[in-house]
Amino acid sequence: MLPLVPSPLSICTIVLRFMLLLVVSCKTKGMVELPPNVSVPAVLVFGDSIMDTGNNNNNTQTLAKCNFPPYGRDFKGGIPTGRFGNGKVPSDLVAEALGIKELLPAYFDPNLQPSDLVTGVCFASGGSGYDPLTSKIASAIPLSGQIDMFKEYISKLKGLVGEDRTNFILTNSIFLVVEGSNDISNTYFLSHAREVQYDIPAYTDLMVRSASNFLKEIYQLGARRVGVLSAPPIGCVPFQRTLLGGIVRKCAEKYNDAAKLFNSKLSKELASLNRNLPNAMMVYLDVYNPLLDIIVNYQNYGFQVGDRGCCGTGKIEAAVFCNPLEATCPDVGNYVFWDSFHPSENCYRKLPLVEGSTMALFMKLFSSSSTSLMLRFMLLLVLSFRTKAVVKLPPNISIPAVIAFGDSIVDPGNNNKVKTLVKCNFRPYGKDFEGGIPTGRFCNGKIPSDLLVEELGIKELLPAYLDPNLKPSDLVTGVCFASGASGYDPLTPKIASVISMSDQLDMFKEYIGKLKHIVGEDRTNFILANSFFLVVAGSDDIANTYFIARVRQLQYDIPAYTDLMFNSASDFVKELYRLGARRIGVLSAPPIGCVPSQRTLAGGIQRECAEEYNYAAKLFNSKLSRELDSLNHNLPNSRIVYIDVYNPLLDIIVNYQRYGYKVVDRGCCGTGKLEVAVLCNPLDVTCPDASEYVFWDSYHPTEGVYRQLIVQVLQKYLTRFF
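As the structure is a computational prediction, the values presented were derived from the model and not from experiment.

Each value, and the rule that gives it
- Residues numbered from 1 in each chain as written.
- Predicted model: local features only at pLDDT ≥ 70, side-chain atom pairs only at ≥ 80, totals over all residues.
- Heavy atoms only, no water.
- Helix = DSSP H or I, 4+ residues; strand = E, 2+ residues; numbered from the N terminus.
- Expected span 1.5 Å × (residues − 1).
- Bend = angle between axes of the 7 residues up to and from the residue.
- Disulfide = S-S within 2.5 Å.
- Buried < 20%, exposed > 50% of the residue type's maximum accessible area, 1.4 Å probe, protein only.
- Patch = residues over 30% accessible without salt bridge, like charges linked within 9 Å, V, L, I, M, F, W, Y side chains within 5 Å.
- Areas by Shrake-Rupley, 256 points an atom, 1.4 Å probe, with all protein chains shown as cover.
- Salt bridge = Lys/Arg side-chain N within 4 Å of Asp/Glu carboxyl O.
- Lys, Arg positive; Asp, Glu negative; His and termini not counted.
- Polar contact = N/O pair within 3.5 Å; in protein donor to acceptor, adjacent residues only side chain to side chain.
- Contact = heavy atoms within 4.5 Å.

Q: Please explain helix 5 (residues 143-172) as it appears in this structure.
A: Owing to its 3.6 residues per turn, the α-helix aligns residues three or four sequence positions apart on the same side. The terminal C-alpha atoms of helix 5, which comprises 30 residues, lie only 22 Å apart, well short of the 44 Å expected from a rise of 1.5 Å per residue. Along helix 5, the sharpest kink reaches roughly 115 degrees, centred on V161.

Here it is as structure tokens:
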């Protein structure tokens, strides 16, 4: 009987099988091409040394560690971090390929920041396995211990982002489980600790039961997208070749036979779990065959050495036996393996395309012939997500948040606490809102800012930044700073005693500070650069400040006043850009002369549309459109889009019956001719069915009209933001 080599059992985890985890045969750092409306907020990893990013570093009881040179030789700065490789490991490469972050930190990393938790961590421990005895032999963190770490993580995450966002993260993140090779190689064959109790079929049954129980446990805790790697051809790693491969160091076939038997049982068990656990997407990944192909045909993949590692002789050295006293090869890029168990980073990045049952399934789902196995695996996982969103986003695009500025069209309640008459946190406002609650939205139900986040699949409602019930977790997916009766002209909010556009920017700066505290600076910058910013103003300037109050008419004619408006709009957009916004949608002024109140005030006896108001709106819109085009060309990486709502809303007003409405020239509240804000109150009678009306009050459309406009706007303009 061959002597048991006292090398850290975790190492046995075999690099091979992880190769599958290899994220990309990456020619670039490009992100995985995700399906439309799908996001992956975090990566969470369990398993052994293939994935361990340093959890074993402070474990004084185990030899399965590598936080010393030459490990990390090709890592940034040449630092040994506790990763069992010369550079990055699959945990890092998955996070990198998904565009989440560059490295996946160990949960036990003493430098772990609260913001790191939001985008994922690694719980894996070198030397662990499905069999509880495996971790005991290696003094590693067992899967039960990793579950306890995960429960603690969930509690911390709730403290950071709230329960709702935590549940979203758990449901939509990718979970990876990489175990099994230590069980077969170390516990069963090397130590012989299970051979008295179990033959190989019985032992693989034990492994599958343990794997199944683990998966059911993380499912109960919220995981839904779970990728489970098969055992690799463990008999072909350099260490096993040395021990059992004879003089010519062939692959140890009995190890490989055990791996194949386990894999067949694991695949069936995962299929059963998928059938029985609602909304679960547990994906079995065959890494055995593709990794075996790399080993057998290593020269086809650009390697020169496939049967030994780069460290020392490459035949036995791993963990403590691969240490500063050992020489390493000049160019690890020529080697499949870094040490006698673990592949090199270059190998992780070169997983080839192969055919087979798993690959055939992927090819049916994703036709790109250049997509690596790992990428396809991740795509399959994320397809389990069924968003309510209607909009289809382009590949590689995510919109983490919606952030809105402007006036009453998008104000969800910021004016509630402001000393102004321009508020509506009383009935009959909110008549058709959930629960019939008046929230401060100038409508019978939802408003455009809500409908936008709903259509994009982000959340159901966009809360007011000044909402006293706002939670820290709400900030991560966006808020609204808009204030009813505000405008581009600084005089407009003064007349109405509401929040000016400049004050909304100050609120936004405060928001950025809070967001950095919650998710960290890097994630904050990502949110700002990729979120959808919405700016809606101008109608109050034209209707109230210029025509009704007439306070600007002595200074400006209509062309000069619209110059003032678009210059102010331009300055606002440039300041948003300076603060980090890149995707900015600016709505045109509407056909303000056609809203019921303006028909009443300036439309004559027939209450026709007030054309002078509409002329001013059209003149402003033409100038605004040109200015936004100029900004888009001059501000690097900006996507500043002029959004025409004038014409689609005018078409609804003119052809209201074609859109299914019965009443267009008055609102649903009171007489519908003048009532708005405090004039539309509990003393006013409302129409029986607001869905028959274009307008809710004398100024604001109904939710039904907003829905039609938002769908049209997104269909026409969304792709211009990417």
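Q: I'm lost on the state of the cysteines in this one. Help?
A: Here a disulfide denotes a covalent bond joining the sulfur atom of one cysteine to the sulfur atom of another. In the structure shown here, the tally under the stated rule is 6 disulfides. Here C310 pairs with C329 through a disulfide, and the sulfurs are 1.9 Å apart. Residues C310 and C329 share a disulfide whose torsion about the S-S bond is about -100 degrees; that sign makes it left-handed. Taken together, the residues C310 in the loop between strand 5 (305-309) and strand 6 (335-337) and C329 in the loop between strand 5 and strand 6 connect sequence positions 19 residues apart. The buried category is assigned to C329, whose relative accessible area is 6%. If the cysteines joined by disulfides in the chain are listed in sequence order, their pairing comes out as 1-2, 3-6, 4-5, 7-8, 9-12, 10-11. Lacking any disulfide linkage, C66 is separated from the closest cysteine sulfur, that of C322, by 8.7 Å.

Q: What am I meant to see in a nonpolar patch on the surface here?
A: A contiguous nonpolar patch, built from L421, V678 and L679 and spanning about 290 Å² of accessible area, is present on the exposed surface. As for its position among the elements, L679 is in the loop between strand 11 (663-667) and strand 12 (693-695).

Q: So what exactly am I meant to see when it comes to the side chain of D644 here?
A: Here D644 lies in the loop between strand 10 (639-643) and helix 23 (646-654). One buried charge, D644, has no salt-bridge partner; the nearest side chain with opposite charge is K716, at 4.9 Å. Polar side-chain contacts of D644 include one of 2.9 Å to the backbone nitrogen of Y646. For D644, the contacting residues outside a window of four places in its chain are S588 and Y717.

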